[in-house]
Amino acid sequence: MRALVSIFAGLLILISLYQLSFTWFVNQHEKEMGKKAEVYVKRTYPLTPQQKYPTNSEARAYYKDTVDNAHDAYLDSLLTATRDKKITWWGQTYQKAKESELLLGLDLQGGINVTMDIALDGLIKGLANNPKDPQLLKAIAEAQRRKLSSDKNFIDLFADAYHEQNPGARLAPLFVSANNKLSGTASDNAALNYLHDQATAGMKQTFQVLRERIDQFGVAQPNINLDENKGIITVELAGASDPERVRKYLQSTAHLQFWEVYTLEELSNSVMSASKALDDYMAATITDSNGVAKKDTTTKNLLVSKIKFIPPQHDPNSGKVSYSPSLGVALLADTAAVNKYLNIPAVRNSFPANIRFLWGKQDRDDEGKLSNFLRLYAIKTIPGRDKAFLEGDAIEDARQEFDQVTNEVAVAMEMNPTGARNWATLTGRNVGHPIAIVLDDIVYSAPNVIQKIEGGHSRVTMGSGGKNQQLVVEEANDLANILKAGKLEVPAIIVQEQVVGPTLGTQAVHGGIMAFAIAFIVIFALMLVYYNTAGIVANIALILNLLFTVGVLSAMNATLTAPGIAGLVLTIGMAVDTNVIIFERIKEELSKGNTYAQAVKAGYLRSLPPVLDAHITTMLTAIILFIYGLGPVLGFATTQILGILLSLFCGILVSRLITDFYTNKNRHFVYFTGLSKRIFKHAAFKFIQYRKVAYGISAVVLLLGVASFFHGFRYGVEFSGGRSYVVNFGKSVNAEEIRNSLEKTFGTTPTIKTYGGPDRLNITTDYRVSETGITVDSAVQSTLYTGLKPYLAEGTTQQDFNTRLLEGSNKVNPTISDDLKKGAQWATFWSMLIIAIYIFIRFRDWRYSMGTIVALLHDVLVTLAVFSFLKDVVPFPLEIDQHFIAAILTVIGFSMNDTVIVYDRIREYSHTMHGADKTTIINKAINDTLSRTIMTSLTVFLTILILFLVGGEVTKGFAFAMLIGVITGTYSSIFVAAPILIDFAKDKPLGEAAPAPKTGTTPQKATATKA
């Protein structure tokens, strides 16, 4: 057995070092290339921003961005040029080593993570023979409502809703068409099977198309996963820095259409009528001096105030009048209001019945910056059908090119023969008029037709891009790739999005490394101070545990996130717990007069049950967190699971191997120091006698915990839905003033908290969160900039705000926020239930399970009460989010460590202490395990305290919840879980007693018994 453990440990060491060596070699190579890039930049741009523009802050910021971009571009070119260079000692190239390095999550290096919901409601409509059937639409709407609170898939929810609304009706007639084999007389099971098959195929097709798009996006090591059961796709693009580009790229369904267009020439009378109708509709009713109600006529030209209509242009040479293809332009921040106005029935009825309003794409100005205005178009729909005369399925090829005359960037498209004939017909009847080229309900261009176009050639003009034409080229390439990759038959919309800027990523790495290093040093020293030379064994086990954990993560190609680093820090505390339990038992055996060999053997043997119980309960909660968690929290769960498994291996097998190797040389480790000899020596506290006081405290905790639900919590954006932004103002700002300003801008009150300092704020709002569309996120961000502009440095543009000051953002749609909230509730419930069942199986007594449940509820309620009543008191955010749930589940698992140790000793003493009453047994069990209870809690508490103090803002809420949990978990193990064994089923023994001593033997005294 020892040989097997030695071989396995040796192999793990070699594998871990080998895997981590790739990260070291890659970092060395990239540092070398980075120095070359710095030399190039200093040679090309010898002056610093302060030296070049000492008085112009805007020019200074622009110059700095230029220098940074030049540095990044040159570094990227160097790394690309050296990708085949051998950088390892055994001849591995940079490219191969890069693929094998330890991956950092986007929260550590910056990037974008999105969760996309596959819209099966669109699939059902697409499969139906009448997509506008009122009964079909009603059932789909009900299924969407039920989706918020049900685990069933959308197809089954739709079927249930349809049957409830239409008793006796069959599904098959809704979906019979010439394109499928479903007959009108098919059973509901057959129809459901058909829908499920189509849904599965649609999801896989959507996933494949998105994967093809992402492969062409240009991000190193993208990560995309499909969860068919939940109907979601998760995409992680570490290093991506343009959220708007990612949103367009991923959410585009590639639904291309060609529409005829209304110009202002045709709609001038309609616009005037609509403007008057809107003013009449919005006019308030007031009361004059005589008490007579009348309309307030001060509201005038509201529509014109939001839309700047484009007047006709006169050609001085020919005298002809020409009209713009677009009706007018509106501020990006005003698009929501314009949409609302145009959908008012009185306003809508002023326009032709076949009109539909669409916004144009966001253009760039001469500096290459995104414009704050959008063009408004009015397209002519075809009565009785949703499709255009010419659709995107006619496109066979698409490519980016330049206009030879204007040098504008364009996307050229080639059509199939049928599409070419329809294009010729459409252009032939619109000579002298514009045709709108629309992708996903966004007008990309609307060129005037000069003559009928034969041959199936068409073009989308993207603009010139001014000084930064490369950005427009990227957009054009993205559009061409989207069209070539294929249309999404089942649309996927972003329901959760996290954007982390490189600044926040760097801070997260720095904070995580600091917390990890300090925690390691503190625990390393504590083991030596408390356990003397035996602490060396614990420290070797700790080092190997951490080495194996990080090495296995790298070998698994797993991604290390900020919560993952928190998991590593927590692993430091929990890794030594195994040795603490074992060493405390060895100390007991030595105190009884056993030799070192006997004490070591008994210590490892008798510590095995509580060690296994403690690790299994913690493992169960980690697995549940892995099942229900999303995004970075999965990194924490993965790290925790690995740490627990390796803690068992290192703490039991490796430490025993080291101990045996040492003792076989006729030497032994010392387990006592002057401190550990005195502390808790002869502890004889009467814990059970004070249980009624503890019950009173627990009753108060219960009341506070229940009251917290009425007092309310601050839900993180993940559970409340909304958008959250981290803005760096570069100076101290007044959060209350900014809250009042944004309340006027948004129309709703945002939540604002400082984020790491008074110069950085976390701003959360639900403004327009329920709206969908590619341009909504940009519009909200533009509105945020408008509200914050008075507090930003003078001359700060929208582009500066987006690229430099907006360091991170997070968006969660209400639909998925409800799913996350429900998943968190289920995760907590299953954790408690499974642990209670496990305890019942281990101890075969319902009182132990009941004590466990009550203790865990106690810990959870204390944490909830603190997060509720202190949410507006402490200077950092106390939010209920995924990190909080991770902390709660970890607390549940950790709290069981102490409880199981006490329970195990109670059962042991009830087996050996003949004639002793329950109070004596339980008091003795608690006192004899008190040193290990305090030490295990202390090691974890110290590591979490360090994480809280220096780990950064990302994990501060998690660490605070864990600190509370560790304290309450220790208290509940002693004062809640154990006393319940006394007061329930009072006549039932605590455990099965050992056989009575045979006649003639001396019975063991209860008071002197120590196992």
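Because the structure is predicted, anything quoted here is derived from the model rather than measured.

### Describing the overall build of the protein
Next, step 1: Counting secondary structure elements, the protein contains 34 helices and 27 strands.
Next, step 2: Across its three principal directions, the C-alpha atoms of the protein cover 125 × 75 × 70 Å.
Next, step 3: Burial analysis of the protein (1011 residues in total) assigns 53% to the buried set.
Next, step 4: Just so you have it, the protein exposes about 45500 Å², and 57% of that area is on carbon and sulfur atoms.

### Section: the side chain of Arg 905
Next, step 1: Along the chain, Arg 905 turns up in helix α31 (residues 882–912).
Next, step 2: Overall, Arg 905 belongs to the buried group, its relative accessible area being 2%.
Next, step 3: Ignoring sequence-local partners within four residues, the contact set of Arg 905 consists of Arg 585, Glu 588, Ala 925, Asp 928, Thr 929 and Arg 932.

### Description of the packing of aromatic side chains
Next, step 1: By the definition in use, this model includes 32 aromatic pairs.
Next, step 2: Summarising the aromatic geometry, the rings of Phe 25 and Trp 90 are spaced 5.6 Å apart at their centres and angled 90° between planes, so their arrangement reads as edge-to-face. Of this pair, Phe 25 sits in helix α1 (residues 2–44) while Trp 90 sits in the loop between α3 (57–81) and α4 (94–100), and the two are 65 residues apart along the sequence.
Next, step 3: Judged by centre distance (4.8 Å) and plane angle (90°), the rings of Tyr 848 and Tyr 903 are edge-to-face. Here the residue Tyr 848 occupies a position in helix α30 (residues 846–869), and Tyr 903 occupies one in helix α31, the gap between them amounting to 55 residues. Neither Tyr 848 nor Tyr 903 differs from the other in exposure class; each is buried.
Next, step 4: Taken together, the aromatic side chains of Tyr 18, Phe 22, Trp 24, Phe 25, Trp 89 and Trp 90 make up a single cluster linked through ring pairs.
Next, step 5: Above the plane of the ring of Tyr 262 lies Lys 380, whose end atom (NZ or CZ) is 4.9 Å from the centre.

### Thoughts on the sheet that holds strand β20 (residues 492–500)
Next, step 1: Spatial strand order, β3-β4-β2-β20-β26-β23-β25-β24: 8 strands in an open sheet with antiparallel pairing. On the outer flanks of this sheet lie β3 (223–227) and β24 (751–754), each paired with one strand and no other. Strand-to-strand, the axes of this sheet are offset by a mean angle of 15°, without reference to chain direction.
Next, step 2: Against the sheet, helix α27 (residues 776–788) makes contact with β23 (722–728), β25 (760–765) and β26 (806–812), and its axis sits at roughly 45° relative to β23, the strand it touches most.
Next, step 3: Sheet strands touched by helix α28 (residues 798–805): β23 and β26. Its angle to β26, the strand with the most contacts, is close to 85°.

### Regarding the sheet that holds strand β16 (residues 409–415)
Next, step 1: Read across the open sheet, the 3 strands follow the order β15-β16-β19; overall the sheet is antiparallel. In this open sheet, the two strands that pair with only one neighbour each are β15 (395–402) and β19 (457–463). Averaged over all pairs of adjacent strands, the angle between their axes in this sheet comes to 20°, without regard to strand direction.
Next, step 2: Direction of pairing for β16 relative to β19: antiparallel, over a ladder of 6 bridges. Across the sheet, the residue bridging to Val 411 is Val 460, located in β19.
Next, step 3: Strands in contact with helix α16 (residues 417–428) are β16 and β19; relative to β16, the strand with the most contacts, it is inclined by about 115°.

### Thoughts on helix α8 (residues 154–165)
Structural remark: α-helix, 3.6 residues per turn; residues separated by three or four positions point the same way.
Next, step 1: With 12 residues, α8 extends 16 Å between its outermost C-alpha atoms, agreeing within 8% with the 16 Å of an ideal straight helix rising 1.5 Å per residue.
Next, step 2: Residues Phe 154, Ile 155, Leu 157, Phe 158, Ala 159, Ala 161 and Tyr 162 constitute the buried set of α8.

### Side note on the pattern of salt bridges
Next, step 1: Here the structure, examined in full by the defined rule, presents 26 salt bridges.
Next, step 2: Measuring nitrogen to oxygen at the nearest pair gives 3.3 Å for the salt bridge that ties Lys 587 to Glu 584. Of this pair, Lys 587 and Glu 584 are both found in helix α20 (residues 562–591), 3 residues apart, which corresponds to roughly one turn of the helix.
Next, step 3: Ionic pairing is found between Arg 847 and Asp 845, a salt bridge with its closest N-O pair at 2.8 Å. There is no split in this pair, since Arg 847 and Asp 845 are both buried.
Next, step 4: In this structure, a network of salt bridges that share partners links the residues Arg 585, Glu 588, Glu 589, Lys 592, Arg 606, Arg 905, Glu 908 and Arg 932.

### Section: the nonpolar core
The tendency in soluble globular proteins is for nonpolar side chains to be buried as a group.
Next, step 1: Membership of the largest hydrophobic core comes to 122 residues, with the highest contact counts inside it found for Met 527, Phe 583, Ile 586, Tyr 671, Ile 906 and Ile 922.
Next, step 2: Residues contacting Ile 586, with those up to four places away along its chain left out, are Ala 599, Val 600, Gly 603, Tyr 604 and Tyr 671.
Next, step 3: By size, the runner-up hydrophobic cluster in this structure holds 46 residues, among which are Leu 136, Tyr 162, Ala 492 and Ile 494.

### Re empty space enclosed by the protein
Next, step 1: For the coordinates displayed, the defined rule picks out 9 cavities of 30 Å³ or more.
Next, step 2: In this structure, the largest cavity encloses a volume near 80 Å³.
Next, step 3: In terms of lining residues, the largest cavity is bounded by Met 574, Asp 577, Ile 581, Ala 614, His 615, Thr 618, Ile 644, Asn 897 and Thr 936.
Next, step 4: At the level of elements, α20 and α21 (596–628) are the ones that each hand at least two residues to the lining of the largest cavity.
Next, step 5: Along the lines of polarity and charge, the residues of the lining of the largest cavity split into 4 nonpolar, 4 polar and 1 charged.

### Quick notes on the environment of Ala 73
Next, step 1: Along the chain, the position of Ala 73 falls in helix α3.
Next, step 2: Here the alpha-carbon distance between Ala 73 and Val 976, two residues 903 residues apart in the chain, equals 62 Å.

### Examining the environment of Thr 595
Next, step 1: Positionally, Thr 595 belongs in the loop between α20 and α21.
Next, step 2: For the pair Thr 595 and Thr 427, spaced 168 residues apart in sequence, the C-alpha separation works out to 99 Å.

### Remarks on unusual backbone geometry
Next, step 1: A positive phi angle is found at Asn 532, which is not glycine, with a value near 60°.
Next, step 2: Position of Asn 532 among the secondary structure elements: in the loop between α18 (502–531) and α19 (534–555).
Next, step 3: Asn 532 sits in the partly exposed class, given a relative accessible area of 27%.

### Some thoughts on the pairing of strand β5 (residues 256–262)
Next, step 1: Counting buried residues in β5 gives 6 out of 7 residues, a clear majority hidden from the surface.
Next, step 2: When β5 meets strand β17 (residues 435–439), the two strands line up antiparallel, connected through 5 bridges. Residue pairing for β17: Trp 259 is matched across the bridge by Ala 436.
Next, step 3: Direction of pairing for β5 relative to strand β13 (residues 373–380): antiparallel, over a ladder of 3 bridges. Looking across to β13, one finds that Val 261 is bridged to Ile 379.

### A few points about the environment of His 255
Next, step 1: Tracing the chain through its elements places His 255 in the loop between α11 (243–251) and β5.
Next, step 2: Residue His 255 is classed as partly exposed on the basis of its relative accessible area of 26%.
Next, step 3: Each C-alpha atom of the pair His 255 and Asp 440 lies 5.2 Å from the other, and the pair is 185 residues apart in sequence.

### A few points about the packing of α31 against helix α33 (residues 930–950)
Next, step 1: Packing of α31 against α33 leaves a shortest axis separation of 10 Å and a crossing angle of 170°. The orientation of α31 relative to α33 falls into the category roughly antiparallel. Note on element contacts: α33 touches α31 through Arg 932, Thr 933, Thr 936, Ser 937 and Val 940, opposite Phe 894, Asp 898, Ile 901, Val 902 and Arg 905.

### Remarks on the packing of helix α6 (residues 120–127) against helix α7 (residues 134–147)
Next, step 1: Between α6 and α7, whose axes approach to 11 Å, the crossing angle comes to 165°. If you check the angle between α6 and α7, you find them roughly antiparallel. The handedness of the crossing between α6 and α7 comes out as right-handed. Only Leu 136, Leu 137, Ile 140 and Gln 144 of α7 make contact with α6, whose side of the interface consists of Asp 121, Ile 124 and Lys 125.
Next, step 2: A breakdown of the residues in the contact of α6 with α7 according to their chemical character gives 4 nonpolar, 1 polar and 2 charged.

Analysis parameters
Residues numbered from 1 in each chain as written. Predicted model: local features only at pLDDT ≥ 70, side-chain atom pairs only at ≥ 80, totals over all residues. Heavy atoms only, no water. Helix = DSSP H or I, 4+ residues; strand = E, 2+ residues; numbered from the N terminus. Buried < 20%, exposed > 50% of the residue type's maximum accessible area, 1.4 Å probe, protein only. Areas by Shrake-Rupley, 256 points an atom, 1.4 Å probe, with all protein chains shown as cover. Contact = heavy atoms within 4.5 Å. Phe/Tyr/Trp six-rings, centres within 6.5 Å; stacked < 30°, edge-to-face > 60°. Lys NZ or Arg CZ within 6 Å of the ring centre and 35° of its normal. Pairing = 2+ DSSP bridges. Axes fitted to C-alpha atoms, helices over the stretch in contact; angles between N-to-C directions. Expected span 1.5 Å × (residues − 1). Salt bridge = Lys/Arg side-chain N within 4 Å of Asp/Glu carboxyl O. Core = buried A, V, L, I, M, F, W, Y, C linked by side-chain atoms within 4.5 Å. 1 Å grid on protein atoms, 1.4 Å probe; cavity = no way out; pocket = protein on both sides within 12 Å on 5 of 7 lines; lining within 4 Å. Points joined across faces, edges and corners; volume = space filled by probe spheres on them. Nonpolar A, V, L, I, M, F, W, Y, C, P; charged D, E, K, R; others polar. Parallel < 35°, antiparallel > 145°, perpendicular 65-115°, else oblique. Left-handed = near helix turned anticlockwise from the far one by under 90°.

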